[in-house]
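The chain contents come next:
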Amino acid sequence: MSGFFNWLRDERSLVEANVFKGLRIRGEGAEPRRSWTPEEVRHVWARMASTPIALDLLRLLNMTGMRCNEAAQLRCSDIEDIQACGESRWVIRIRESKT
């Protein structure tokens, strides 16, 4: 985008300044995010154990890979009880997704 705005400024005089000058896409020169240590993960699970609904949410996120906002948008109609291999199983139907 910076190059495009430079062109708009220098070649077409359509903008006065390059508003993207100095901005970088995350990752370019940015500090990498630190992964949690096994001790930090154990600490979170232990704290969640005292709140059953929070523990259930953490399990859902862990088992599905959903983000918090995706789990928060689930509706009861998204969860279905199906018969598979002669057993009842719950499945989550994702009707919309980012691609």
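Reading the values: rules and limits
- Residues numbered from 1 in each chain as written.
- Predicted model: local features only at pLDDT ≥ 70, side-chain atom pairs only at ≥ 80, totals over all residues.
- Heavy atoms only, no water.
- Helix = DSSP H or I, 4+ residues; strand = E, 2+ residues; numbered from the N terminus.
- Buried < 20%, exposed > 50% of the residue type's maximum accessible area, 1.4 Å probe, protein only.
- Contact = heavy atoms within 4.5 Å.
- Areas by Shrake-Rupley, 256 points an atom, 1.4 Å probe, with all protein chains shown as cover.
- Salt bridge = Lys/Arg side-chain N within 4 Å of Asp/Glu carboxyl O.
- Pairing = 2+ DSSP bridges.
- 1 Å grid on protein atoms, 1.4 Å probe; cavity = no way out; pocket = protein on both sides within 12 Å on 5 of 7 lines; lining within 4 Å.
- Points joined across faces, edges and corners; volume = space filled by probe spheres on them.
- Nonpolar A, V, L, I, M, F, W, Y, C, P; charged D, E, K, R; others polar.

## Digging into the overall build of the protein chain
A count of helical and extended segments in the protein chain gives 4 helices and 2 strands. Ordered by position from N to C terminus, the α and β elements of the protein chain give α-α-α-α-β-β. Counting every position in the protein chain, which comprises 99 residues, the buried fraction comes to 9%. In the protein chain, the proportion of contacts linking residues at least 24 apart, taken out of those at least 6 apart, comes to 7%. Of the roughly 9,200 Å² that the protein chain leaves accessible, carbon and sulfur atoms contribute 54%.

## What to know about the environment of Trp 36
Mapping Trp 36 onto the fold places it in the loop between helix H1 (2-10) and helix H2 (38-48). Classification of Trp 36 as exposed rests on a relative accessible area of 55%. When near neighbours in sequence (up to four residues on either side) are disregarded, Trp 36 contacts Val 41 and Val 44.

## Some words on the pattern of salt bridges
In total, this model carries 7 salt bridges according to the counting rule given. With its nearest N and O atoms 3.0 Å apart, the salt bridge here joins Glu 40 to Arg 34. Between Asp 56 and Arg 59 there is a salt bridge, and its shortest N-O distance comes to 3.4 Å. You can see Asp 56 and its partner Arg 59 sitting in helix H3 (residues 52-64), 3 residues apart, about one turn around the helix.

## Points about the pairing of strand S1 (residues 79-84)
For a regular strand, side-chain orientation follows a simple rule: the groups alternate between the two sheet faces. Pairing between S1 and strand S2 (residues 87-92): 6 bridges, direction antiparallel. Pairing of Ile 79 across the sheet is with Ile 92, part of S2. Counted between consecutive antiparallel strands, the loop separating S1 from S2 contains 2 residues, among which Cys 85 sits at a positive phi close to 55 degrees.

## Here we look at the side chain of Asp 78
Here Asp 78 lies in the loop between helix H4 (68-72) and S1. Residue classification places Asp 78 among the buried positions, given a relative accessible area of 11%. Look past the residues within four positions of Asp 78 in its chain and what remains in contact with it is Gln 73, Val 91, Ile 92, Arg 93 and Arg 95.

## As for the layout of surface pockets
As a volume, the second largest pocket reaches approximately 250 Å³. In terms of lining residues, the second largest pocket is bounded by Asp 56, Leu 57, Leu 60, Thr 64, Ala 71, Leu 74, Ile 79, Trp 90, Val 91 and Ile 92. Listed by contribution, the elements that provide at least two residues to the lining of the second largest pocket are H3 and S2. Here the residues of the lining of the second largest pocket sort into 8 nonpolar, 1 polar and 1 charged.

These figures come from the coordinates and say nothing about function on their own.
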